[in-house]
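# Summary of the model geometry
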Amino acid sequence: MQELIAKANVLMEALPWIRRFYGTSIVIKYGGHAMVDERLREEFARDIILMKYIGLNPVVIHGGGPQIGKVLEAMNIQSHFVQGMRVTDSATMDVVEMVLGGKVNKEIVTNINRHGGKAVGITGKDGGLIRARKMEMTAVNPDSLTPEIIDIGMVGEVEEVNPAIIEALEKNNFIPVIAPIGGGLEGETYNINADLVAGKIAGALKAEKLILLTDVEGVKDKDGRLISTIDIRRVPDLINNGTISGGMIPKVNCCVEAIEAGVGKTHIVDGRMEHACLLEIFTDKGIGTAVARYK
Ligand SMILES: Nc1ncnc2c1ncn2[C@@H]1O[C@H](COP(=O)(O)OP(=O)(O)O)[C@@H](O)[C@H]1O
Ligand SMILES: CC(=O)N[C@@H](CCC(=O)OP(=O)(O)O)C(=O)O
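Residues numbered from 1 in each chain as written. Chains lettered and ligands numbered in written order. Predicted model: local features only at pLDDT ≥ 70, side-chain atom pairs only at ≥ 80, totals over all residues. Heavy atoms only, no water.

### A look at the site of ligand 2
- Close to ligand 2 lie 14 residues, the nearest being Lys-29, Gly-65, Arg-86, Asn-191 and Ala-194.
- Between an oxygen atom of ligand 2 and a side-chain N or O atom of Lys-29, the distance comes to 2.8 Å.
- Gly-64 has a polar backbone atom sitting 3.0 Å from an oxygen atom of ligand 2.
- Protein contact buries 89% of the 420 Å² of open area that ligand 2 shows by itself.
- More than half of the atoms of ligand 2 fall within 2 Å of the grid points belonging to the largest pocket.
- Counting only elements with at least two residues in the shell around ligand 2, the list comes to helix H4 (65-74) and strand S4 (85-86).
- A total of three residues in the shell around ligand 2 trace back to one element, the largest contributor, which is H4. (Near = heavy atom within 4 Å. Polar contact = N/O pair within 3.5 Å; in protein donor to acceptor, adjacent residues only side chain to side chain. Areas by Shrake-Rupley, 256 points an atom, 1.4 Å probe, with all protein chains shown as cover. 1 Å grid on protein atoms, 1.4 Å probe; cavity = no way out; pocket = protein on both sides within 12 Å on 5 of 7 lines; lining within 4 Å. Sits in = over half its atoms within 2 Å of the grid points. Helix = DSSP H or I, 4+ residues; strand = E, 2+ residues; numbered from the N terminus.)

### Considering the nonpolar core
- Counting 39 residues, the largest nonpolar core has Ile-28, Met-51, Ile-112 and Leu-213 as the members making the most contacts within it.
- Looking at this core, the element that brings in the most residues is helix H5 (residues 90-114), giving nine residues.
- Once you skip the residues sitting within four places of it in the chain, Ile-112 turns out to touch Ala-45, Ile-48, Ile-49, Gly-117, Ala-119, Ile-175 and Val-177.
- Among the nonpolar cores identified, the runner-up in size contains 38 residues, and Ile-122, Cys-255, Ile-268 and Val-291 belong to it. (Core = buried A, V, L, I, M, F, W, Y, C linked by side-chain atoms within 4.5 Å. Buried < 20%, exposed > 50% of the residue type's maximum accessible area, 1.4 Å probe, protein only. Contact = heavy atoms within 4.5 Å.)

### Examining the UniProt feature "binding site: substrate" (unreviewed entry) in the protein chain
- What UniProt calls "binding site: substrate" (unreviewed entry) maps, in this numbering, to Gly-64, Gly-65, Arg-86 and Asn-191. For this annotated set, covering 128 residues, all C-alpha atoms fall within 11.8 Å of each other, a compact arrangement in space. Residues from the annotated list that form part of the lining of the largest pocket: Gly-64, Gly-65, Arg-86 and Asn-191.
- Residue placement: Gly-64 occurs in the loop between strand S2 (57-62) and H4.
- Classification of Gly-64 as buried rests on a relative accessible area of 8%.
- Beyond its immediate sequence surroundings of up to four residues, Gly-64 is in contact with Met-35 and Leu-100.
- Judged by relative accessible area, which is 9%, Asn-191 ranks as buried.
- If we skip the residues at most four places from it in the chain, Asn-191 touches Arg-86, Thr-88, Met-93, Val-96, Met-154, Val-155, Gly-156 and Pro-180. (UniProt positions renumbered as here; feature names shortened; annotations may be inferred.)

### Some thoughts on empty space enclosed by the protein
- Summed over all chains, the structure comprises one cavity of 30 Å³ or more.
- The volume enclosed by the largest cavity comes to roughly 70 Å³.
- Residue lining of the largest cavity: Ala-34, Leu-40, Glu-43, Phe-44, Asp-47, Leu-213, Gly-271, Met-273, His-275, Ala-276 and Cys-277, and that is the complete set.
- Contributions of two or more residues to the lining of the largest cavity are made by helix H3 (38-53) and helix H10 (276-282).
- Top element by residues in the lining of the largest cavity is H3. It accounts for four residues.
- Looking at side-chain class alone, the lining of the largest cavity contains seven nonpolar, two polar and two charged residues. (Points joined across faces, edges and corners; volume = space filled by probe spheres on them. Nonpolar A, V, L, I, M, F, W, Y, C, P; charged D, E, K, R; others polar.)

### Let's talk about helix H6 (residues 164-171)
- Among all positions in H6, only Ile-166, Leu-169 and Glu-170 are buried. Down the axis of H6, the smallest arc covering the buried residues is 100°, so these residues share one side.
- Tucked into the core, H6 has its buried residues touching strand S1 (25-30), H3, S2, strand S5 (119-123), strand S10 (175-179) and helix H7 (194-205).
- Just downstream of H6 lies Asn-173, where phi reads positive at about 70°. (Arc of directions from axis to C-beta.)

### Topic: the layout of surface pockets
- Space inside the largest pocket adds up to approximately 710 Å³.
- Lining the largest pocket are 33 residues, and of these Lys-29, Gly-65, Gly-84, Asn-193 and Asp-195 sit closest to its centre.
- Secondary structure elements with two or more residues in the lining of the largest pocket: helix H2 (33-36), H4, S4, H7, strand S13 (209-214) and helix H9 (248-260).

### Thoughts on the pairing of strand S7 (residues 137-140)
- With four bridges connecting them, S7 and strand S8 (residues 147-150) associate as antiparallel partners. Within S8, the residue paired with Met-137 across the bridge is Ile-150.
- Here S7 folds back onto S8, and the loop between the two strands holds six residues, one of which, Leu-145, carries a positive phi near 60°. (Pairing = 2+ DSSP bridges.)

### Concerning the environment of Glu-136
- When you line up the elements, Glu-136 lands in the loop between strand S6 (130-134) and S7.
- Exposure remark for Glu-136: the relative accessible area of 62% places this residue in the exposed category.
- Distance from Glu-136 to Gly-116, taken between C-alpha atoms, is 42 Å for residues 20 residues apart in sequence.

The structure is reproduced here in structure tokens:
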């Protein structure tokens, strides 16, 4: 009996959060471990469906860097990254579009639909969702020590988001699953980092939450302890003093941009953990690191 009551208590803990988030958009960047591990993939799909059934509007943006890397390797094309961005010539762009827009996207859609959801897979080109332009990248030349513009090919940055297609899908109870590819004004195709896309889409939707799933517990301090909340005003210091580095810098910056664009709260959470999204949204304490504007 006590066990049954404990189960009811867990459901009741979720009630205020369900009331608060009912009808709102929750943007989730799905990537890393959660996407590779079979069991976590299933759990993720079921979490998304549960959210939808209790009245939230999950929007999934997925990555797939490792999957692109594998196909390129099989084709004897080497991967090069500059400041975390994949140098994308036209052969690489074809592979990126094929892998992200095709296999990876459709696997996620299939998983959600197999468990009873109604997912629709699109790229940023569909319905004019993401207009992109070529990313300008500067790097310091090691010989002259001066900054230089370098060409990293068809890597894009988001110029504008038109969320009409997402809103149309949400209205009809479909779950949008979005590959991070954008279209340019001249019909060109751009490869865009998935965290950047998730941040921009969350901003355009004025989403209640942006959740970035990653392969660490959250943002850690210099002693390796989890920082559970970060005020966006503290972010520049944490980057400048080296607490936040590498792949965590663009993630945290995406969170800051999203908050500035009107997103309620952003979270960096551990995608290796089962039910990471549910635990973040529906428990009092949440998990991972919340990046927001605090009073
Ligand atoms: N302060 C920090 N807290 C946590 N991770 C950090 C921090 N600074 C740098 N990192 C690095 O950032 C990585 C996450 O970024 P990245 O590997 O690009 O993630 P993903 O592949 O999920 O997009 C972590 O694995 C860690 O090595
Ligand atoms: C420009 C750029 O680097 N694009 C990424 C897009 C996929 C991505 O972001 O995947 P993850 O989230 O798994 O890293 C790439 O080509 O790998």
